[in-house]
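# Coordinates in review
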Amino acid sequence: KQQETALEFLYDYGLFFAKLATFTLIFLFVVTLITSLRNKRERTAKGDLMVTRLNDQHEDTSDVMHLAVLNDAEKKIEQKKLQDKKKRERKNERKVAKNQNSLDCAARKRVFVLSFEGNINASAVVNLREEITAVLTTATATDEVLLRLESAGGMVHSYGLAASQLDRLRKRDIPVTVSVDKVAASGGYMMACVADYIIAAPFAVLGSIGVVAQLPNFNRVLKHNKIDFELLTAGEYKRTLTLFGENTEKGREKFVNELEETHQLFKRYVSERREKIEINQIATGEVWYGSRALELGLVDDLKTSDEYLVSSMEKADVLEVKYILNKSLTERFGISVESAIDTLLVKWWQRLTCNSRNLP
């Protein structure tokens, strides 16, 4: 009996491992297949361009809300009216398509909507440059580009590139509007001031036209632990301030001069694009809420992006343009970590700002 029990145990044990091995092989096959397809897609395309007509979304939302407040009898009547209306619209669209080459057919204005959510190194510029390139293939001077911008700033060279991308539109005489719902400070405002027209929510944060740099120095810690640190350079100012070396007054003076030079470039860039502002008044590194920013000439109107878009839909086709990059698992993990760090830094900055203004 014990021998039969042992054989039964071995049989069950072997069957279990056979099932496990089969499952493992199937799992590895599926993973390999998915990886192969993904790699093939990444080899053929870096990303996908998505264009969404926001007019249709707004109309669908309006129809759903309109029907929701009616009783059953009224709803049936309105549904029939909506069906007839959509048939007429499709018929009209076909007529317009047939006559689009006619000189008598006036072109309808288009508003291309882009979004930029900035971090310290303005990594979203990778998407922005592709979106602007796509828009430039079809947009004319009668169209408009609306950029929904949110950024508290970051590296000078990164945001300089982002602002230069917007300048591509200006050079083609395409009107550019920037909408700030939350924050466009420092490098974010450098981008915003490229626009022909800037709108902001009443409590959006704008400004911070200044330059800041900070770094710790561990030289005394190294000396205390009898650790030597050698920094070898060729060129008097190859390194001014360092993390581990012993900083000098001459190095600090040079570093401050470089910050001041960058600040002057920033001021000149803003003043050339916002001619009505008093640059010395607003280039103090301070930030202002939307209503005060309007008084200082940093923005042209107080309005949210939603309000601006809905009003634009009455006279224009509003098209949202998004370029979505294909990212590997490693890249997605890195972006998640980077976003988490950026979020912590933004929260720290907001807490510091609130404390300095005695806000809750």
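Structural notes, computed from the coordinates. On a predicted model such as this, the values are computed, not experimentally measured, just so you know. (Residues numbered from 1 in each chain as written. Predicted model: local features only at pLDDT ≥ 70, side-chain atom pairs only at ≥ 80, totals over all residues. Heavy atoms only, no water.)

This next bit is on the environment of V111. Its place among the elements puts V111 in strand β2 (residues 109-117). Looking at V111, the relative accessible area reads 1%, which means it is buried. Distance in space between the C-alpha atoms of V111 and T177 is 9.9 Å, their sequence separation being 66 residues. (Helix = DSSP H or I, 4+ residues; strand = E, 2+ residues; numbered from the N terminus. Buried < 20%, exposed > 50% of the residue type's maximum accessible area, 1.4 Å probe, protein only.)

With 15 residues, helix α2 (residues 54-68) should reach 21 Å at 1.5 Å per residue; the first-to-last C-alpha distance of 21 Å fits that figure. Taken residue by residue, α2 has L54, N55, D63 and L67 as its buried positions. (Expected span 1.5 Å × (residues − 1).)

With that settled, the discussion passes to the pairing of strand β5 (residues 197-200). With four bridges connecting them, strand β4 (residues 176-185) and β5 associate as parallel partners. Bridging across to β5, V178 finds its partner in I198. Note that the unit made of β4, helix α6 (residues 187-192) and β5 has a crossover that is right-handed. When β5 meets strand β8 (residues 301-302), the two strands line up parallel, connected through two bridges. By the bridge assignment for β8, A200 is matched with L302. (Pairing = 2+ DSSP bridges. Right-handed = clockwise from strand over helix to strand, strands pointing away.)

Before going further, it helps to spend a moment on helix α5 (residues 156-171). Side chains three or four residues apart in an α-helix point the same way, a direct result of the helix having 3.6 residues per turn. For α5, built from 16 residues, the straight-helix expectation of 22 Å at 1.5 Å per residue is met to within 8% by its first-to-last C-alpha distance of 22 Å. Residues of α5 that are buried in the fold lie against β2, α4 (125-136), β3 (144-151), β4, α6 and α8 (249-273). Trailing α5 by a residue or two, D173 shows a phi angle of about 60 degrees, which is positive. (Contact = heavy atoms within 4.5 Å.)

Further remarks concern the nonpolar core. Soluble globular proteins tend to pack their nonpolar side chains together in the buried interior. Ranked by size, the top nonpolar core spans 51 residues in total, and within it F116, L147, L169, Y189, M191 and L206 carry the most contacts. Residue contacts for L206: discarding those within four places in its chain leaves V180, A184, Y189, A200, E286, V287, W288, G290, A293 and V299. If you look at the next biggest cluster of nonpolar residues, it comprises 10 residues, including L54, V111, I199 and V318. (Core = buried A, V, L, I, M, F, W, Y, C linked by side-chain atoms within 4.5 Å.)

Tracing the sequence through the fold places T242 in the loop between α7 (219-224) and α8. The contacts of T242, once residues within four sequence positions are left out, are L215, P216, N217, L231 and N247.

Glancing now at the packing of aromatic side chains. Tallied over the full model, the rule gives four aromatic pairs. Relative to Y159, the ring of F116 has its centre 6.3 Å away and its plane inclined at 70 degrees; by these criteria the two rings are edge-to-face. Within this pair, whereas F116 is found in strand β2, its partner Y159 is found in helix α5, the two being separated by 43 residues in sequence. Here F116 matches Y159 in class, with each residue buried. (Phe/Tyr/Trp six-rings, centres within 6.5 Å; stacked < 30°, edge-to-face > 60°.)

All right, on to unusual backbone geometry then. Phi is positive for D173, which is not a glycine, with a value near 60 degrees. With respect to the secondary-structure elements, D173 resides in the loop between α5 and β4.

Within this structure, the stated rule accounts for 15 salt bridges. In this structure, the salt-bridge partner of R274 is D300, at a minimum N-O distance of 3.0 Å. With R274 in the loop between α8 and α9 (279-282) and D300 in the loop between α10 (290-296) and β8, the pair connects residues that are 26 residues apart, well separated along the chain. Through salt bridges that share partners, R53, D56, R108 and D317 make up one connected network. (Salt bridge = Lys/Arg side-chain N within 4 Å of Asp/Glu carboxyl O.)

Here we take up the environment of E236. Mapping E236 onto the fold places it in the loop between α7 and α8. The class for E236 is exposed, based on a relative accessible area of 56%. For E236 and G251, which are 15 residues apart along the polypeptide, the C-alpha to C-alpha distance reads 9.6 Å. A distance of 3.5 Å separates a polar atom in the side chain of E236 from a polar atom in the side chain of Y237. Among the polar contacts made by the side chain of E236, one reaches the side chain of K250 at a distance of 2.5 Å. (Polar contact = N/O pair within 3.5 Å; in protein donor to acceptor, adjacent residues only side chain to side chain.)

A separate point is the pairing of β4. Of all the 10 residues making up β4, eight are buried; the element is thus mostly covered by neighbouring parts of the structure. Strand direction decides the pairing type here: β3 and β4, joined by six bridges, are parallel. Across the sheet, L149 pairs through a bridge with V180, a residue of β4. Following the chain from β3 across α5 to the adjacent parallel β4, one finds a crossover that is right-handed. In this sheet, strand β6 (residues 205-207) lies alongside β4 in parallel orientation, the contact comprising three bridges. Residue A184 lies in a different strand from β6, and its bridge partner there is L206.

By themselves these figures say nothing about function.
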